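Below, each chain spelled out in residue letters.
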Amino acid sequence: MRTDHCQRAISPHTARSTSGKTASLKLRDNQQSQRFAAALLTLVLAAAALMLPTPSHAGNSKELTIAYIGWKKDPRYGKSHLRHRLPLQAGGRPIDGAMLGIKDARFALQQSGVTLKIEKKLLRQLDQLEPTIEAFRDSGVQHFILDLPADWVLLATQATAGQELLLYNVSSHDDALRTSQCAPQLLHTVPSYRMLSDATAQLLTARKWKKLLILQGVKPEDQGWVTAFHAAAKRFGMKVQDSRDFVVDNNPRNRGQNNIALLTGGDYDAVVVLEARGEFAALVPFNTLLPRPVLGSAGLTPSWWHWSWERHGAPQLQGRFRKLSGRDMTGQDWSTWVVVKALVQAIQRSETGDFNTLRSFLLDPSLEVDGFKGTRMNFRPWNGQLRQNILLSDGNWVIDRAPLQGFLHPTDNLDTLGASEREVDCQ
């Protein structure tokens, strides 16, 4: 009986305790369920918000098209020429650089409501140029990448005079396009021959190689570089011991003009070879009569981009380009890539794709484009040339970067490369 009494005395207490714990567990489970439901609702709303356009640009998205125009039979992109992989030559059609720029810009342009795309057109002959630009213009295109020879670029500027568009020269080094034939709608992301020559002359000055032997090509496409380098040599106080023409052919009568040993006799500190294609120049290093350094189209060459450049984020850019195209980035590829880079910079600052607004930002001296060469770049107001560094490479490694240390300018050291404002006839 005592046992039963004890059980009866204890059982009600035990029942109340068990009932309280059960109620407490149920309350805790309900609270956890409510918190989980609230968290889930928050995630769903956040995901939905990400799928909606930002309020400031809702219903205001714009697609900006860039037209790439090239020459179908351009000898610079012939298979036999590309196979030689000569210095300063392209590795393929540089539209790949623009494609990479557009791919890189997708995230950066999300807030602006602007998307970029590129359309490619290869022309068979010169008389197709003006109608092609007009057709693009009628479809709303106002930005044109011109991968064309100098005379084609000049025709494009003449055909578009007074129109609301921008032409970007990405492959012609011709100085006349920047001095006497420039146009307000023409911008250059490829450096001029004068810029390449000034960079070479700076290195010669820094190494104290003052006495020069110049070997120069006689083809029409060589003359731009020949004229530019002689101007650079004069600017930096070089002493040209002799200038000798060479001829690229197998004619026995021209033996004296294509025999490197005969061409390189005399007293000099360095040999400068000036040839647009670089086919003869490639044979000059280690074949000179005297053991002297070779610069210009071969040996130590000036370039505006090189695969071996390893500073300022360049390896990451190189890696992305190789993944996209399957080859190394060249200067021509960089020139098209930086067109897109500059446009993206202008779109981000203005948050619009409006042409006049973008043009104002692109031509603003405060524009700062990061070209992965260590210096913020912008366009010179007097001729539309992109200020930029020049890399001096032996083919396997970047030896130095111009402007070299000690070469100064009152306003911008990058202006020690290329024709100065007083040398330009453009208005």
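Above this note sits the structure.
A. Expanded view of the environment of glutamate 134. Here glutamate 134 lies in helix α4 (residues 129-138). Distance in space between the C-alpha atoms of glutamate 134 and threonine 160 is 8.7 Å, their sequence separation being 26 residues.

B. Region of interest: the side chain of arginine 387. Inspection of the secondary structure assignment puts arginine 387 in the loop between β12 (376-377) and β13 (390-393). A polar contact is formed between the side chain of arginine 387 and the side chain of asparagine 378, at a distance of 2.7 Å. Within the structure, arginine 387 has its side chain in polar contact with the side chain of aspartate 415 (distance 2.9 Å). Other than its neighbours up to four places away in sequence, arginine 387 contacts Met377, Asn378, Phe379, Arg380, Pro381, Trp382, Asp412, Leu414 and Asp415.

C. Examining the layout of surface pockets more closely. Its volume calculated, the largest pocket comes out at about 860 Å³. Lining the largest pocket are 37 residues, with Arg85, Leu86, Pro87, His306 and Gly395 positioned closest to its centre. Breaking the lining of the largest pocket down by element, the ones donating at least two residues are β10 (301-303) and α12 (331-350). Roughly 610 Å³ of volume is contained in the second largest pocket. Only α5 (150-159) and α8 (223-235) provide two or more residues apiece to the lining of the second largest pocket. Broken down by class, the residue content of the lining of the second largest pocket amounts to 13 nonpolar, six polar and six charged.

D. Spotlight on the pattern of salt bridges. Evaluation of the coordinates by the stated rule reveals 18 salt bridges. Put simply, lysine 117 and glutamate 63 hold a salt bridge, and the shortest N to O gap is 3.7 Å. Pair noted here: lysine 117 is in strand β2 (residues 114-123) and glutamate 63 is in strand β1 (residues 62-71), with a separation of 54 residues, a long-range link. For aspartate 415, the salt bridge identified is with arginine 380, shortest N-O distance 2.8 Å. Here arginine 380 lies in the loop between β12 and β13 and aspartate 415 lies in the segment after β14 (398-402), a separation of 35 residues in the sequence. You can call aspartate 415 buried: its relative accessible area is 7%. Judged by relative accessible area, which is 3%, arginine 380 ranks as buried. Here the residues in one salt-bridge network are Arg194, Asp198, Arg235 and Glu423, joined through shared partners.

E. Fine view of the packing of α4 against α5. Two elements in contact, α4 and α5, have axes whose closest approach is 10 Å; the angle formed by their N-to-C orientations is 50°. In terms of axis orientation, α4 runs oblique to α5. Remark: the crossing between α4 and α5 carries right-handed chirality. Residues Leu129, Glu130 and Ile133 of α4 touch α5, and the partners they reach there are Trp152, Leu155, Ala156 and Ala159. Residue composition of the contact of α4 with α5, by class: six nonpolar, no polar and one charged.

F. Just the sheet that holds strand β8 (residues 270-274), in detail. Judged by pairing direction, the sheet is parallel, and its four strands sit side by side in the order β7-β6-β8-β9 without closing on themselves. Each edge of the open sheet is held by one strand with a lone partner, namely β7 (239-246) and β9 (294-296). Neighbour-to-neighbour, the strand axes of this sheet turn through a mean angle of 25°, independent of strand direction. Direction of pairing for β8 relative to β9: parallel, over a ladder of three bridges. Within β9, the position partnered with valine 273 by the bridge is glycine 296. Along the sheet, helix α7 (residues 193-206) makes contact with β6 (211-217), β8 and β9, crossing β9 at roughly 150°.

G. A look at empty space enclosed by the protein. Considering all chains together, one arrives at one cavity of 30 Å³ or more under this definition. Taken as a whole, the largest cavity encloses approximately 40 Å³ of empty space. Lining the largest cavity are Asp175, Arg178, Ser192, Met195, Arg380, Asn383, Gln385, Gly418 and Ala419.

H. Main features of the packing of aromatic side chains. Throughout the structure, instances matching the rule amount to seven aromatic pairs. For the ring pair tryptophan 337 and phenylalanine 372, a centre distance of 5.5 Å and an interplane angle of 50° mean the geometry is tilted. Here tryptophan 337, found in helix α12, pairs with phenylalanine 372, found in the loop between β11 (369-370) and β12; they are 35 residues apart in sequence, far enough to count as distant. Each of the two residues, tryptophan 337 as well as phenylalanine 372, counts as buried. Seen from the ring of tryptophan 334, lysine 373 lies directly overhead, with NZ or CZ sitting 4.1 Å from the centre.

Calculation criteria
- Residues numbered from 1 in each chain as written.
- Predicted model: local features only at pLDDT ≥ 70, side-chain atom pairs only at ≥ 80, totals over all residues.
- Heavy atoms only, no water.
- Helix = DSSP H or I, 4+ residues; strand = E, 2+ residues; numbered from the N terminus.
- Polar contact = N/O pair within 3.5 Å; in protein donor to acceptor, adjacent residues only side chain to side chain.
- Contact = heavy atoms within 4.5 Å.
- 1 Å grid on protein atoms, 1.4 Å probe; cavity = no way out; pocket = protein on both sides within 12 Å on 5 of 7 lines; lining within 4 Å.
- Points joined across faces, edges and corners; volume = space filled by probe spheres on them.
- Nonpolar A, V, L, I, M, F, W, Y, C, P; charged D, E, K, R; others polar.
- Salt bridge = Lys/Arg side-chain N within 4 Å of Asp/Glu carboxyl O.
- Buried < 20%, exposed > 50% of the residue type's maximum accessible area, 1.4 Å probe, protein only.
- Axes fitted to C-alpha atoms, helices over the stretch in contact; angles between N-to-C directions.
- Parallel < 35°, antiparallel > 145°, perpendicular 65-115°, else oblique.
- Left-handed = near helix turned anticlockwise from the far one by under 90°.
- Pairing = 2+ DSSP bridges.
- Phe/Tyr/Trp six-rings, centres within 6.5 Å; stacked < 30°, edge-to-face > 60°.
- Lys NZ or Arg CZ within 6 Å of the ring centre and 35° of its normal.

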